[in-house]
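Results of the structural survey
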Amino acid sequence: MTTQTDVIDGYVAGTWTIDAVHSDVSFYVRHLGVSKVRGHFATFEGTIVTAEDPLDSTVTAVIKTGSVSTNNEMRDNHVRSADFLDVEQFPELTFTSTAVRPQSSELFEVDGELSLHGVTKAVTLKLELNGFGKGQDGSPIAGFSAATEISRTEFGVTGGAAGAAVSDKVRIALEVEAVQAQA
């Protein structure tokens, strides 16, 4: 009998801490329907547990909404305001996985609960397992890419008057490097 770990090259079960220095949490929205405005969050943390059976794996993550950056201070201040993220009232965005489904040996769908702006909704991340290796100091590392798309208005993020200029759909992209926790 073939198990999922038999077809994932170099798979390592364990608990991993997201390395924020070598990871990226980004997003983009369409502006006026013709261009894409990109941004990222600078402060985030999370834990990934790669289980013996990869389909039993879990992930939890916390993103500090006040760390948003779009490379424009005026726009960043507006995105932090009550019109958008309302970082004073909702300082964190969280994700907790609920299930993992295989698509191939390196592609998975990770279902979970995303909490943003005081609203929690089910989302599915399209996840690519980039591999397992050794860091410069010899410690085990793992890499993952993931993406999803959400409706900002379903999370109560209206944008105020500027909301008409920004698409409802927000594309989220994650590039994650994680370090295996020491036993």
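Provided above is the structure to which this section pertains.
The text that follows walks through the structure, step by step, so that each part is easy to find. (Residues numbered from 1 in each chain as written. Predicted model: local features only at pLDDT ≥ 70, side-chain atom pairs only at ≥ 80, totals over all residues. Heavy atoms only, no water.)

All right, on to the packing of aromatic side chains then. In total, this model carries three aromatic pairs according to the counting rule given. Their ring planes at 75° and their centres at 5.5 Å tell us that Y11 and F132 sit as a pair that is edge-to-face. Placement of the pair is Y11 in the segment before β1 (14-18) and F132 in strand β9 (residues 119-134), with a sequence separation of 121 residues. You'll find Y11 and F132 in the same group, each marked buried. Judged by centre distance (5.6 Å) and plane angle (50°), the rings of W16 and F132 are tilted. With a gap of 116 residues between them, W16 in strand β1 and F132 in strand β9 connect regions that are remote in the sequence. Residue W16 is classed as buried on the basis of its relative accessible area of 0%. Three or more aromatic residues joined by ring pairs form one cluster here, namely Y11, W16 and F132. (Phe/Tyr/Trp six-rings, centres within 6.5 Å; stacked < 30°, edge-to-face > 60°. Helix = DSSP H or I, 4+ residues; strand = E, 2+ residues; numbered from the N terminus. Buried < 20%, exposed > 50% of the residue type's maximum accessible area, 1.4 Å probe, protein only.)

Per the stated rule, a full pass over the model turns up four salt bridges. Linking R101 and E109 is a salt bridge whose minimum nitrogen-to-oxygen distance equals 2.7 Å. Taking relative accessible area as the criterion, E109 reaches 10% and is therefore assigned buried. The partner of K126 in a salt bridge is E109, with the nearest N and O atoms 2.2 Å apart. Here the residue K126 occupies a position in strand β9, and E109 occupies one in strand β8 (residues 107-116), the gap between them amounting to 17 residues. (Salt bridge = Lys/Arg side-chain N within 4 Å of Asp/Glu carboxyl O.)

So far we have only geometry, and geometry alone does not tell us how the molecule works.
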